[in-house]
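Each chain, letter by letter, is given below.
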Amino acid sequence: MDPIWAAAAELWWIAPTAAAGAGAIGFATVRRRQTVNGKRLGYDAARLELRQAQQDARDAAVSARVARAEAARVAADRAASRTDAVAVASARRALREAQLASKAAMARVRAARARVSAERSSLASAADLPLDRLRARHDAVLARWMAYETDPGLALAYPAMSDGRQPHTAAFLAAVERARDRRPPSEGARATASDFSDYRRAIDDLERAFDVAERSARGEKVQPDLPDALWDAARGFAEKSTEMLNRTSDLLGDWTARRRRDR
């Protein structure tokens, strides 16, 4: 196990409030499948992501066409007095949302193409393997987070970074779990292009979530762009943190009451 990984694992059980998420996180056993590895891994994963983005864009374009046809039908019904203005407004709103989703899907296709191009260029120039570079990004975020857990000055100045009840911190802790679940074992690890793509996406989310949590803890107004699944998991972390703190408070209250009775 990498030293930074071991330290991070230990912190889950020592840090006062972050420990609330430890029971939920745990170390996941990474599935091992028939795999490929080497310098092409990032490029193959990028091509896989591009194909998925293109399929998503086609689906979004179809949805937009369906929404446009439905809006036209509702407008015709309104002209014939067969429906009301509320239905027309609803259909137009659905059309706008479908069109925005289609544009967003096309943007993801362009981003995926750019990544394919970048990964293709790195095949000849990069010294490290793609999986090693991804692990280095992962370790860098963990190191930055551990500073808030181990440095007394930072812990006092920015307590929100260790408080799982804070929404942005909870989202970061959820991202830590996802990235850890998707991280291949360090020694002799091999991964499929799909595994690598999932891990890279988790690291992208982890970096964004840490930036959001850090800026929020420092008092900045942030508008995070994180996956809905991450926010769903964050709510679970916040609930567990609150439950743990309430239980600790009750135990301390009982202990204090007993001490007073014994005097």
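Scroll up to find the structure this text is about.
The rules we used
- Residues numbered from 1 in each chain as written.
- Predicted model: local features only at pLDDT ≥ 70, side-chain atom pairs only at ≥ 80, totals over all residues.
- Heavy atoms only, no water.
- Helix = DSSP H or I, 4+ residues; strand = E, 2+ residues; numbered from the N terminus.
- Buried < 20%, exposed > 50% of the residue type's maximum accessible area, 1.4 Å probe, protein only.
- Contact = heavy atoms within 4.5 Å.
- Areas by Shrake-Rupley, 256 points an atom, 1.4 Å probe, with all protein chains shown as cover.
- Expected span 1.5 Å × (residues − 1).
- 1 Å grid on protein atoms, 1.4 Å probe; cavity = no way out; pocket = protein on both sides within 12 Å on 5 of 7 lines; lining within 4 Å.
- Points joined across faces, edges and corners; volume = space filled by probe spheres on them.
- Salt bridge = Lys/Arg side-chain N within 4 Å of Asp/Glu carboxyl O.
- Core = buried A, V, L, I, M, F, W, Y, C linked by side-chain atoms within 4.5 Å.
- Axes fitted to C-alpha atoms, helices over the stretch in contact; angles between N-to-C directions.
- Parallel < 35°, antiparallel > 145°, perpendicular 65-115°, else oblique.
- Nonpolar A, V, L, I, M, F, W, Y, C, P; charged D, E, K, R; others polar.
- Phe/Tyr/Trp six-rings, centres within 6.5 Å; stacked < 30°, edge-to-face > 60°.

Chemist: What's the story with the overall build of the protein chain in this structure? I'm lost.
Modeler: Secondary structure assignment for the protein chain yields nine helices and zero strands. Ordered by position from the N terminus, the helices and strands of the protein chain form the series α-α-α-α-α-α-α-α-α. The 263 residues of the protein chain split such that 38% are buried. For the protein chain, contacts bridging at least 24 residues in sequence account for 80% of all contacts bridging at least 6. If you sum the accessible surface of the protein chain, you get close to 15,200 Å²; carbon and sulfur atoms cover 52% of it.

Chemist: Is there a simple way to explain helix α4 (residues 85–125) in this structure?
Modeler: A turn of α-helix holds 3.6 residues, and therefore any two residues three or four places apart point the same way. When the terminal C-alpha atoms of α4 are compared, their 60 Å separation across 41 residues agrees well with the 60 Å that a helix rising 1.5 Å per residue should span. For α4, the set of buried residues is V88, A91, L95, A98, S102, A105, V109, A112, V116, E119 and S122. In this structure, the buried residues of α4 make contact with α3 (40–79), α5 (130–150) and α8 (193–217).

Chemist: Looking at this model, I keep getting lost on the layout of surface pockets. Mind explaining?
Modeler: Considered as a void within the structure, the largest pocket measures approximately 610 Å³ in volume. Along the walls of the largest pocket sit 17 residues, with E49, R108, R115, R201 and D204 positioned nearest its centre. Among the elements of the structure, α3, α4 and α8 are those that each provide at least two residues to the lining of the largest pocket. Here the element with the most residues in the lining of the largest pocket is α8; it accounts for six residues.

Chemist: Would you explain the pattern of salt bridges in this entry?
Modeler: Close approach of charged atoms allows side chains with opposite charge to pair. The full count for this structure, using the stated rule, is 19 salt bridges. Here R200 makes a salt bridge to E119, at a shortest N to O gap of 2.9 Å. With R200 in helix α8 and E119 in helix α4, this residue pair connects regions lying 81 residues apart in the sequence. Overall, E119 belongs to the buried group, its relative accessible area being 12%. A salt bridge links D163 to R165; the nearest nitrogen and oxygen atoms lie 2.8 Å apart.

Chemist: Would you mind showing me how to read the nonpolar core here?
Modeler: Nonpolar side chains tend toward joint burial in soluble globular proteins. Counting residues in hydrophobic clusters, the biggest one holds 33 residues, and the most contacted among them are W145, F172, L206 and F210. For this core, the secondary structure elements donating two or more residues are α3, α5, α7 (167–182), α8 and α9 (228–262). The greatest single-element share of this core, amounting to ten residues, is contributed by α8. Ignoring sequence-local partners within four residues, the contact set of F210 consists of V141, R144, W145, Y148, M161 and F172. Judged by nonpolar contacts, the second largest core, of ten residues, contains A46, A53, A60 and V109.

Chemist: How do you make sense of the side chain of E49 when you look at a structure like this?
Modeler: Relative to the elements of secondary structure, E49 occurs in helix α3. Under the relative-accessibility criterion, E49 is labelled buried at 14%. Non-local contacts of E49, meaning those with residues more than four positions away in its chain, are made with A112, R115, S197, R200 and R201.

Chemist: Can you help me understand the environment of T192 in this one?
Modeler: Tracing the backbone through its elements, the reader meets T192 in the loop between α7 and α8. Considered as a pair, T192 and D44 are 148 residues apart in the sequence and their alpha carbons are 9.0 Å apart.

Chemist: Is there a simple way to think about the packing of α3 against α8 in this case?
Modeler: When two helices pack together, their arrangement is given by the angle between the helix axes and the distance between those axes. Here α3 crosses α8 at 80°, and the two axes come no closer than 8 Å. On the basis of the axis angle, α3 is roughly perpendicular to α8. Residues L41, G42, D44, A45, A46, L48 and E49 of α3 form the contact with α8, whose participating residues are A193, S194, F196, S197, R200 and R201. Broken down by class, the residue content of the contact of α3 with α8 amounts to six nonpolar, three polar and four charged.

Chemist: Where do I start with the packing of aromatic side chains in this structure?
Modeler: Two descriptors summarise a pair of aromatic rings, namely the distance from one centre to the other and the angle between the planes of the rings. Here the structure, examined in full by the defined rule, presents four aromatic pairs. Among the aromatic side chains, those forming a connected cluster through ring pairs are W145, Y148, Y158, F172 and F210.

Chemist: Got a minute to help me understand α8 in this structure?
Modeler: Compared with the 36 Å implied by 1.5 Å per residue over 25 residues, the 36 Å span of α8 between its first and last C-alpha is a close match. Just beyond α8, the residue with positive phi is G219, at close to 90°.

Chemist: Mind showing me how you'd approach unusual backbone geometry here?
Modeler: For S81, which is not a glycine, the phi torsion comes out positive at approximately 60°. Within the secondary structure layout, S81 lies in the loop between α3 and α4. For S81, a relative accessible area of 64% gives the class exposed.

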